[in-house]
Structure formats: structure tokens, C-alpha cells
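Read off the chains here:
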Protein chains: 4
Amino acid sequence: MSNKIPVGILGATGIVGQRFVQMLEHHPWFEVAWMAASDRSEGRAYGEAARWRLKTAIPDRVGKMVVSPAKPEGAPKVIFAALDASIAAEMEPAFAAAGCIVVSNSSIETQAWRKKSGGFVVTNPNCSAIGLVLALAPLDQQFGLETVMAVTMQAVSGAGYPGVASLDILGNVIPYIAKEEEKMEEETLKLLGKLNGAGIVPGSFTMSAQCNRVAVEDGHTESVSVKMKKKAKSEEIIAAWNSYTAEPQKLKLPSAPAQPVVYLEASDRPQPRFDVEHGAGMTTTVGRLRPCKVLDWKFTVLSHNTIRGAAGAALLNAELLKAQGYLG
Amino acid sequence: MSNKIPVGILGATGIVGQRFVQMLEHHPWFEVAWMAASDRSEGRAYGEAARWRLKTAIPDRVGKMVVSPAKPEGAPKVIFAALDASIAAEMEPAFAAAGCIVVSNSSIETQAWRKKSGGFVVTNPNCSAIGLVLALAPLDQQFGLETVMAVTMQAVSGAGYPGVASLDILGNVIPYIAKEEEKMEEETLKLLGKLNGAGIVPGSFTMSAQCNRVAVEDGHTESVSVKMKKKAKSEEIIAAWNSYTAEPQKLKLPSAPAQPVVYLEASDRPQPRFDVEHGAGMTTTVGRLRPCKVLDWKFTVLSHNTIRGAAGAALLNAELLKAQGYLG
Amino acid sequence: MSNKIPVGILGATGIVGQRFVQMLEHHPWFEVAWMAASDRSEGRAYGEAARWRLKTAIPDRVGKMVVSPAKPEGAPKVIFAALDASIAAEMEPAFAAAGCIVVSNSSIETQAWRKKSGGFVVTNPNCSAIGLVLALAPLDQQFGLETVMAVTMQAVSGAGYPGVASLDILGNVIPYIAKEEEKMEEETLKLLGKLNGAGIVPGSFTMSAQCNRVAVEDGHTESVSVKMKKKAKSEEIIAAWNSYTAEPQKLKLPSAPAQPVVYLEASDRPQPRFDVEHGAGMTTTVGRLRPCKVLDWKFTVLSHNTIRGAAGAALLNAELLKAQGYLG
Amino acid sequence: MSNKIPVGILGATGIVGQRFVQMLEHHPWFEVAWMAASDRSEGRAYGEAARWRLKTAIPDRVGKMVVSPAKPEGAPKVIFAALDASIAAEMEPAFAAAGCIVVSNSSIETQAWRKKSGGFVVTNPNCSAIGLVLALAPLDQQFGLETVMAVTMQAVSGAGYPGVASLDILGNVIPYIAKEEEKMEEETLKLLGKLNGAGIVPGSFTMSAQCNRVAVEDGHTESVSVKMKKKAKSEEIIAAWNSYTAEPQKLKLPSAPAQPVVYLEASDRPQPRFDVEHGAGMTTTVGRLRPCKVLDWKFTVLSHNTIRGAAGAALLNAELLKAQGYLG
């Protein structure tokens, strides 16, 4: 019998649920012990219920597991949740109320950090905000951000499955993703803000985002311009990115990439098709740093939206909880 | 016998050359009387020499025309040129020196407007600048531009044929197009500048561009943010676009669209796949006007890169020359 | 007031419904006077209810029409139906029972030709069968078919909207379309069969189909091999295709292409991106005729699945009914 | 210092050359010690000279290696060659004449097995033939093939880089690949034939191929029909595939997949996007076995064209030579 911590997956058959399965396959601390999905899947073997959409094979053991009802009874204490926002809003608090620690891929705005039950919900940032935030954090720390403008070209996997219809995106760009620009602006400021007692003081820079969908499977690419308080040279900015580390690196969490941000020197990178799996999908790649005639600098950012932007982010959260003793 | 003005096409077999053939098929003033291309094509029927890449059929008459040597001897006076920049730099002046009026798709920087020969060369703006300029011109006229930031998502046809390799662009975004950002910034300022004697005083706003290639066949989409001198309401800006007309509309040139700029009300438009052929590819569509937290307003612009951005622009130039009596 | 026959469209907001709207815009005989769709659309202007997915604009007049409830009351006598098979099975007979002539895009197997009501339903062939049938008919007439093998590469628009998920088809081939191979085999035999009293004697050849989905917007491409009873030369086969005409040509129906089948000489055609709109999408193009080492000949067939294979086929049926006096 | 056999790569910067680099990175027997490419690349670091087009990173050590002139002087004895056919025809024999063992990705028709120099050239099958052959071999062994018909849908990487233009393949199918059908028919028969003294007696079945290019990055998908001498049940055929092993498995060659052919049970597989990396790209996947109304059975085959169909095939050849003592 394994010594690993048994974990459950809520919404296991979806795109992000599948990423959880994939990333947990060889995880040193966690082991999938329970999975739930919609009623349609309940009682079926996971390998049959999931319309598997990843290039690696379904892990044998998990493929044979039976999908459970989406109820706290019988679920393990640690739950990874990959639910649609509308379902998450009800189901995640219910699991937390039953004592579960829910590491969620959703952005649920207002919830108490810790329920009386001992359970709680930890949420994820938006998948287009997280890549940007990782590229901005080193700049903000060292030079102080004043203004940020970002235009995204987002992958279809960001919309889940079935998500974007092929008739909508083949040979096309869709210049609109519902509520995405608002979320991206708000969460970027919040994630680069400071904890102040119970609340967060958002970052002090101004921020504007425009979000587009493109015919890319995985990887959100962003054209970014920034103005910084302290002037910096190109080499200093690149050094800031390449030397950046944070809590996950210090704690050597299993899913933390050695280098969370990597600057690519080639004049035409990063590109989603070739660079998205950098650091097993957990590294944000940056490239094309050059002066901006309006703000100070412009550059391109790429981040894996269903790994770094979803399942991997939740996994890091869970690893952090474990490292800090919250998983008991 | 037709009363139309006989015209020639230099570089007739390429992507833009094909657009010239297509757009001239039913033209009321001009008629294709001569075509030249590379040595490989010389002496062959156009229908065999051209790797036709348009959805409409090759016009019968043109398909049977024999491709001539690319020399001024035997060429008609009016020449549409769709040449690679490197070839254009030599060949277009040679045709002008021989007395031809060369309406070119290239951006040749410094050349005298009128040769002693009576011939001259008229050039085109860059294909990503022209759509932006059409969207900006009404704003600049009515409200005064102060700052412009644009991020492009450009179609592969902008790179000619064979152009972008499929291995480079399938499921991908390329965040780099050689020299494009410089050209776009410079030409946008120039096109929105003022003639001052022999020179051009560029527009007085600041401008920054980031250029990306996406897996779209035709149509450059741009996410734009602007700051304007005079504050304007959303309705006023939309009215400025929809009511904008210029010289081609006043002169009722055959290829001029009734409305050069059209604002689309739907929340997710314009999209290249569905909107690029608006106004037979000569109309610039704009959409998604909304406030920008950094500058004043942001919106999306779409323009057909091989029609409005290339062959159609040259055709408008030729029509303007005719209307103004330059074609004799 | 127009003298045209008023027609209605059932399922007007879907992909095929939109094609009906597009093809009827300038029709000399018919005029859209009524449209119905799902409950969600009822009472809304068509231009708002339909998620328009065609490159030409929504006709102004139709865009403003209000979507009616999908009930025979108030509907005109002639109805074009573009419904999902499951809905069609109930709704089309109901309209026929109420006296309507329903020209349907569905393949409803067993229904009486003429109801007591005076109404009836005329159905369409499967969209992958029709292109093949048009390519085979001239061969069967002149040389007698013995064996047919066809492998399809079908466009995503064949699955309706939203239809195929982008995550399923970007950079992919799906070697399966539910029930498509069975339908294609059965209907090809039936369409090349003979009427015998009330029934159809299917064609006497054997037939095997394999159906694949590819990342193409419009146009089903098929790799076909045939064995024929009478040996034929390549020129004879090509002549058979190019000279083929049928009832719609003889009656000069408005939507009938002058040439229903066209052989393309180029070694690498037909291709869906460039040839699908041949004959306004009503012509089947054939190419690459060459000997087959197993059967006699192999070739490639291309047909527009939502025009020739759906809306255009129904329109031809309606025109035929009119020409034969069935529309009163 | 490593005990591995030093190997060289000719044509190291191309698509197949890059696959050699990738597959040799952790190889237990071989180590890249020399690389050559076109004059343009000579003298440059490989990491700069190669336009790297794979998702894994360039191995550090190799990225820093300097590209040598494409001449036998200084080259190691074992050479992997990934050259265009036209260049291969001259260069590979030159290396063999100089004593090299050239494991080539080209199909050079007539060359002596062993040169006086001790050098020789071992060639690869065509990339669309090899997948088919692996699916057919078990059937031929157990049931005897009589007739084979195959229609391919081939990935763009099969045409090398830059290869297929994006303007040719976005939203398209190209029903023609120069000389591919002839090669595929001939080589399939040869590979399933028997050695007879110095020559090969080709397989005794008849074979017809139709080859199409589709917008897929990697993986040739094929719709196949077969007639066999001995009648077989579906389970027997699937068992024949799943239990098939050959020399590479018996010798436990490092690059040999445990199972060279795997039957996938899902009704809509194999699909290139999700199944092409099965067995690290060395496994041929088969699916959709069902009766054929013309021949006996039809099914779908998928094989990785630049791994199993190119670099991996050559690597297996080299491993076989080593296991059999030919590498000294």
C-alpha cells in the first residue's frame, strides 16, 4: 500500500480534470483515490467516461477506477476541483463544509478561508492572468510597475470541452472572451498586490487587457507593454526574469519548475507550438524584449493555460498546503 | 474592341498579382493587356504559370494570355506591380524611366515623383498600417490622436507565396514579422501626417506596434488602444467611423467602398473569417469599442491584407490618377 | 408586392438554415416570408437570433424578420426544413399533415409521398453521398458500375453548429462519423438505382465507404476507386463527366449549374479551399483520374456539403416541384 | 569519456535531422559526435543554425556543437543521413566509399550493399509505406494478403521544412503528393516480399494507394481495405496485431517498442493528434476494424511519419546493425 496522500478529483472527465490525472500520475506525495464527474459518468470506468484529450495515455490504474457520485460521502480529505464556475459555486463549499480541503481551479470570489468543519477552499487565478503575473512579478519587485497593457491570443483549451466550435475558430481570430478582460485586469492587480490583514491591497499600477481567441490548442500568448518607475536596461530586465524564484522554488515543491520564468533569446520566440511545454508546462517563457515608443518596454509572454494556468497551479497550491502543514 | 485603358501586371503570378487579375476582371476603366512574371513563367499561358490561390476562377481570357518578359518593351503605359521588395527596387524605376506609370504594391522609400520620361511610381502603404490608418483617420480628424498602441494578428497571405511554412503556423502564433513593427509605426504616422511642400509632416501622436502572425488565410486583425486630445463619447466615436468618407468616395472611384469604415455592433466582431470580405474586401471593419483603463478607448480593427492592404489599394491609386487626369 | 412564391424556413438559424437564407436572397421564384427556429429564438429578429456563420452579410430584409413559433399555423405552403434528424422526424410530418409541402434537408426513411392534406415531404440525400453520386452517375450511365470504394475527408460544417469541437479537430483527423458510412453506402446505391412502381431498385454495384472528418470548413473531398463493366479510356471518362446533364439542366432550373460535374485538369485538384465554390457551390468537381491497380480507375471528388449537399439540393428539389406543377 | 559509439548526422538541421538529435539524446549505445548540414550552417553552433521545430528543447551539448562541412574527412564511422533525395544520391555513396556506414532516411534504389571500402548505405522505407506495412505484416503472416487498398491523409512534416506552404494547407486537403503513390505501392509490396538470394521477391498481393495531404503536424493516417486468402474473425485479426513482434523486439533493441502494433478499441481512434506518440512514436496504432462490402475488412492505421517513418526507422536499422555485429 502506498504512503501517499489520497486525493480526489471533482470534474475529472473535463480538460482540466484530465490534466489533474496526468500530472498526478507519478506524483511523489499525492495519489488519485477517488474521482467524480457529472451524472452521465457516474458508475462508469474513468477510461470509458472521459473523452481523453491528451497526448499521453490514460494511466492504467486510473482508467479502471469507477467514477463516484459527486458527493462528499466517501471522498478523501484533499479534493482537486475542476468544475464549471456555475457548478463550483455550490459544490465546492459543500465539500468544504463536509471537512474537505478543496483545491479549486475556479475563481470563487468571496468565501471564508476556513470553515468550522476544518475544510476550506483554495482557488486559482485566471489562466490568462497567471502567465502575465509571473512575467510581471520580477519587474514589479525590482523596478516597480506603473502601467501594464496586455493583448492576449488564447488557446481553445482555455474554454474547456467541447468549448470553442471548430466552425468559429478555423482560420479565424475571435476578439472576445466573455468576462475575461475584467478578470484578467482585476486578478493581475490582486496577485501583484499585498496581503494586509484579512484583505488584499491591489498593485498600484494601471492595467488594461484585450483578449482574443486563436486557433491554438494549448498556450496563451500575450503581447505586453509596460512602464516602470525605475528605469532599467534590457540586460537587467532579462536578468530579473531569469533569476526570479518564489516560495515554490524555496520549498522545492515537486511541481515547481527550477526556473519559473525563462527568457528566450531567439528573435521570434516564445511560440505556443514549440515552447508551451517548457518546464513540463510550468515555466512561463518570455521573449522579444524591446523598447516601446509609448511605454518603456514591450515583450511577448507565453504560459500553458491548462497546466500552469489551471491544474498545475492547483497542484502547486496543494503542495504548498502540504509543505506548510495544512494537510495534517 | 474595348475602350478601356490597357494595363499590365508585373509579378502577375504571385498572391497580390492574382488579386490584381481578380479585381480587374470586371473593371469599368481598366483591362489587363499584358502580364509579366519571373523567367520561369515567361512564354507560358498565365493559367498554367500561376499557381492560382483564389476561390474565384481565373478569368478565361487572362488564363490564356501569354506571360511576357519583365521588360518595358511592349508593356502598356499603366503598370500594376506586385513584386518582392528586392526586385521592385530595380525593376519599378526601370519601367518608370521607360515612361510607364507604375502603380506599385511595394513601399519604396525615396523616389522622385515624376521622371523626365513622363513615367513615375506610386507606392502603397504597408498592409498592416492601412487598416489601422483607416480606423484612426476619423478619430484624428474629429478628436485629435495623442497616443496609439496596436497589436496585430496577421494573416499568412501577407507573407506572399510560399511565404509562411505550414510547420511554422499550424496551431501556433509567431510573435515576430521582420521589420513589420518599424514599418507600421512609421507609415501610420506618415499616412496621418500632412503634406508640406515636397515633404510630409508626420502625425503628432506617439505610436507603438507589436506584430504577430496567426493561422488565418486573409485579414489582419488588430487590438488597438488610443488616447485622444478631445474627450469623446462612445456614440460620437462610432458616428465618426460610420460617417467617414475621403477622396475615393467623393470621386466615386469604382473600387471605393461606399463606406470605408464600418462599425460592427455585435460584441464579438470583427472576425477575419466572417468579416474580411465586407465591401468586397475594401472596407475596414471596427468593433468592440470600450473604455481603456490606461489610454482612453480600446477597439478591434480588421482589414483585408491582400485587397485593401495591397491590390485594392493600388487599384484605388490608379483610379485616383485617372480621375485626376494623370493617365492622359 | 412581389409575385414570388412565399416560402418558410424551419430551423432557420442553423448552418443549413443560413444557407437557405443566403441562396434565397436573390431567387427568381421564391421569397422568404416566414422563419422558425428553436424556442430560444422565437420572437427575436432573425439577425439577432442567428449566429450568422457565412461570409456574405445577412440580407437586410431577412435580418429584421421576426422568428415565428415552429408551428404550421401562419406558415406558408412551401417550407424549407433544416432540422436535426430527431426533430425533423416529428415536425416535418406535422407540417405536411397541415397541408405544407416540406422540402427537407433530412433523410427521413419511410414516409408516404403524398398526404391526404395535400402536403408532403421531399427529402435530401446525405451530404457525402450526393457529390459521389454526381461523379458516378455519368460513369454508370455510359460504362456500368461494378464496384465503388470511397474514402471521405469531410468538412466540419457537415456536423452543424456548434458541431465538431475545435479541440477535436485542430491538427487532427477523426476517422469516424456516426452512421455516415452506412448512410453513404445505402444512399449511393439508392440514388443510382431505378424507380420501379412505388419502390426503388438499388444500383447493382457493390460499394464500400470510409468516412473521416478533417479540419476543413466547407467541402467534402473523396478518394474514389471504381470498377466498370465496360472498359473505357481516360478521355472517354472525362468526356462523360464534362458532358453530363440531368433534369435540372434540361428544365433550366434557376439553381442548376450549367455543368453539374466538371473535370479539373491540374494534377493536384480539386482542393476544398480553392474549388468548393465552383458553380456557386452547386458543381461537383473531379480530378486526378488515373488507373487503379486493384479496380479500374481512381480519382478525387469534391462537393460543397452545405450547398450542393444540403440547402442547394433542397432548393433544386423545390424548383423541380415548381417546374413540374406541384407547387400549384 | 563515454563508451558509446560516436555517430554523425548528415542533414542535421532539417526536420528529420532534428528528430535524430532528439532520439539520440539519451540513447544507450550511440552518441552524437559530429553534425553536418548545408553550407549556410557550416561553422555555426547547431543551436543557432537549426530552426528547431520540436517541442522538447535542443539538448544542451548538441546545441553548442559546431556544424562541420558535409565531407567524410573527420566524420565518425556511423552516419545517420537525413538528406533531400537529390543530395542523398551523391553524398551518401561518397561517405560509404570513404568507409562510413550510412544509415539513411532516403530511398535510394540501386546500390551495392557493401562497398570495398567497408562502408555501405542502409536505406529506409517511405514514411507512408512503413505504417501500412506494420499493420499488414501480421495479417499477411497469418491470413495471407490478396488485395490492399489504402487512402492516406498525410501530415505536413512529411514534406520537410519549409515544405508545405500554409496558404496551401490551411482549411484544405491536397489530393496529390508527387511520386508518393507509386513509392507507397512499390515499397509496401517489397517490404512484405521475401529475400531471394541477392534480390527481393515482392509480396504476391495487389495494391492501390491514394495519397492526400492534410493540415496535421505529425502522423500519417490511412483508411485501408484488405482482402485476405484465409477468412478470419475480427478477434483473430485484432489478436494478430496485438501479438505481433519482429526482430527488433526479439533482440530487445533500445528503440524498439514493446508492441510494434497496437489495436485501439475506441470507436473513433486512432487520431493523429492524440495517438501519434504511442510507444514514443514508434508504435503503429490501428483501429475501427469492420467488414468491408467490397473486400473483406476495413480499418484505420496511424504512424508517426518523422519518428517511425524516418528517424526512428533509421535508428532501428542502426541498432540492428550493431546487434548483428556490423558496426564492428
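Participant: Is there a simple way to think about the sheet that holds strand β2 (residues 30-36) of chain D in this case?
Facilitator: Strands belonging to one sheet form pairs held by backbone hydrogen bonds; the direction of such a pair is parallel or antiparallel. Residue and element names in this part refer to chain D. Overall, parallel pairing links the 5 strands, which are arranged β2-β1-β3-β4-β5 in an open sheet. Two strands bound the open sheet, and with one partner strand each, they are β2 and β5 (120-122). Taken over all neighbouring pairs, the strand axes of this sheet differ in orientation by 25 degrees on average, direction set aside. Sitting on the sheet, helix α4 (residues 85-97) touches β1 (5-10), β3 (78-81), β4 (101-104) and β5, and the angle it makes with β4 is about 150 degrees. Its contacts with the sheet put helix α11 (residues 307-323) on β2, β3, β4 and β5, and the angle it makes with β4 is roughly 145 degrees.

Participant: Help me out: how do you make sense of α11(D) in this one?
Facilitator: Within an α-helix, residues lying three or four positions from one another point in the same direction, as the helix has 3.6 residues per turn. Residue and element names in this part refer to chain D. With 17 residues, α11 extends just 21 Å between its outermost C-alpha atoms, more than 12% less than the 24 Å of an ideal straight helix rising 1.5 Å per residue. Where α11 bends most, the angle comes to about 40 degrees, and this point is Ala313. Within α11, 13 of the 17 residues are buried, leaving the element largely enclosed by the surrounding structure. Of the residues trailing α11, Gly325 is marked for its positive phi of about 85 degrees.

Participant: It is not clear to me how the packing of helix α5 (residues 127-143) of chain B against helix α8 (residues 234-243) of chain B should be interpreted in this structure. Could you clarify?
Facilitator: Any two packed helices are characterised by how steeply their axes cross, that is the angle between the axes, and by the distance between the axes. Residues and elements named next belong to chain B. Across the interface, α5 lies against α8 with an axial gap of 9 Å and an inter-helix angle of 120 degrees. With respect to α8, the axis of α5 lies oblique. Considering how the two elements wind past one another, α5 and α8 form a crossing that is right-handed. Residue-level inspection shows Pro138, Leu139 and Gln142 of α5 in contact with α8, the latter providing Ile237, Ala240 and Trp241. Across the contact of α5 with α8, the residue classes tally to 5 nonpolar, 1 polar and no charged.

Participant: What is the right way to look at the relation of the copies chain B and chain A in this model?
Facilitator: In this structure, two copies of a chain are linked by a rotation about an axis accompanied by a shift along it. Mapping chain B onto chain A calls for a screw motion: a turn of 180 degrees about the axis and a shift of 0.0 Å along it, with 0.0 Å RMSD after fitting. The operation mapping one copy onto its partner corresponds to a two-fold rotation axis. When you check the interface residues of chain B against chain A, 100% turn up at the interface there too, and the contact is symmetric in its surfaces.

Participant: I would appreciate a short explanation of the interface of chain B and chain A in the present structure.
Facilitator: By convention, interface size is frequently given as the accessible area that disappears when the constituent parts associate. Contact with chain B, which involves 34 residues of that partner, is made by 34 residues of chain A. At the level of elements, β6 (145-154), β7 (173-174), β10 (206-214), β11 (220-228), α10 (272-275) and β14 (297-303) of chain B are the ones that each hand at least two residues to the side of chain B that touches chain A. If you tally residues by element for the side of chain B that touches chain A, the top one is β10(B), at 6 residues. For the side of chain B that touches chain A, a count of residues per class yields 14 nonpolar, 13 polar and 7 charged.

Participant: Sorry if this is basic, but what is going on with the relation of the copies chain C and chain B here?
Facilitator: The transformation that overlays chain C on chain B combines an axial shift of 0.0 Å with a rotation of 180 degrees, and the residual RMSD is 0.0 Å. Looking at the interface residues of chain C, 100% of them are also at the interface in chain B, so both copies use one shared face.

Participant: So what exactly am I meant to see when it comes to the confidence of the model for chain A here?
Facilitator: Across chain A, the average pLDDT comes to 94, with 97% of residues at 70 or higher. Two summary scores accompany this predicted model of the complex, namely pTM at 0.96 and ipTM at 0.95.

Participant: What should I look at first to understand the packing of α5(B) against helix α11 (residues 307-323) of chain B in this one?
Facilitator: Residues and elements named next belong to chain B. Look at α5 against α11: their axes get within 8 Å of each other, and the N-to-C directions meet at 90 degrees. In terms of their interaxial angle, α5 and α11 are classed as roughly perpendicular. On α11, the residues touching Cys127, Ile130 and Gly131 of α5 are Arg308, Gly309, Ala310 and Ala313. The class makeup of the residues in the contact of α5 with α11 is 4 nonpolar, 2 polar and 1 charged.

Participant: Can you walk me through the domain arrangement of chain A in this structure?
Facilitator: Residue and element names in this part refer to chain A. Its domain assignment divides chain A into domain 1 (5-123) and domain 2 (127-305). Each of domain 1 and domain 2 has a C-alpha centre, and the two are 27 Å apart. Counting residues at the interface gives 9 residues for domain 1 and 6 residues for domain 2. When grouped by side-chain class, the residues that make up the side of domain 1 that touches domain 2 number 4 nonpolar, 3 polar and 2 charged.

The rules behind the values
Residues numbered from 1 in each chain as written. Chains lettered and ligands numbered in written order. Predicted model: local features only at pLDDT ≥ 70, side-chain atom pairs only at ≥ 80, totals over all residues. Pairing = 2+ DSSP bridges. Helix = DSSP H or I, 4+ residues; strand = E, 2+ residues; numbered from the N terminus. Axes fitted to C-alpha atoms, helices over the stretch in contact; angles between N-to-C directions. Contact = placed C-beta atoms within 7 Å. Expected span 1.5 Å × (residues − 1). Bend = angle between axes of the 7 residues up to and from the residue. Buried ≥ 20, exposed ≤ 12 C-beta atoms within 10 Å, placed from the backbone. Parallel < 35°, antiparallel > 145°, perpendicular 65-115°, else oblique. Left-handed = near helix turned anticlockwise from the far one by under 90°. Nonpolar A, V, L, I, M, F, W, Y, C, P; charged D, E, K, R; others polar. Least-squares fit on C-alpha atoms with pLDDT ≥ 70 in both. pLDDT = per-residue confidence, 0-100. Domains from an automatic or database assignment.

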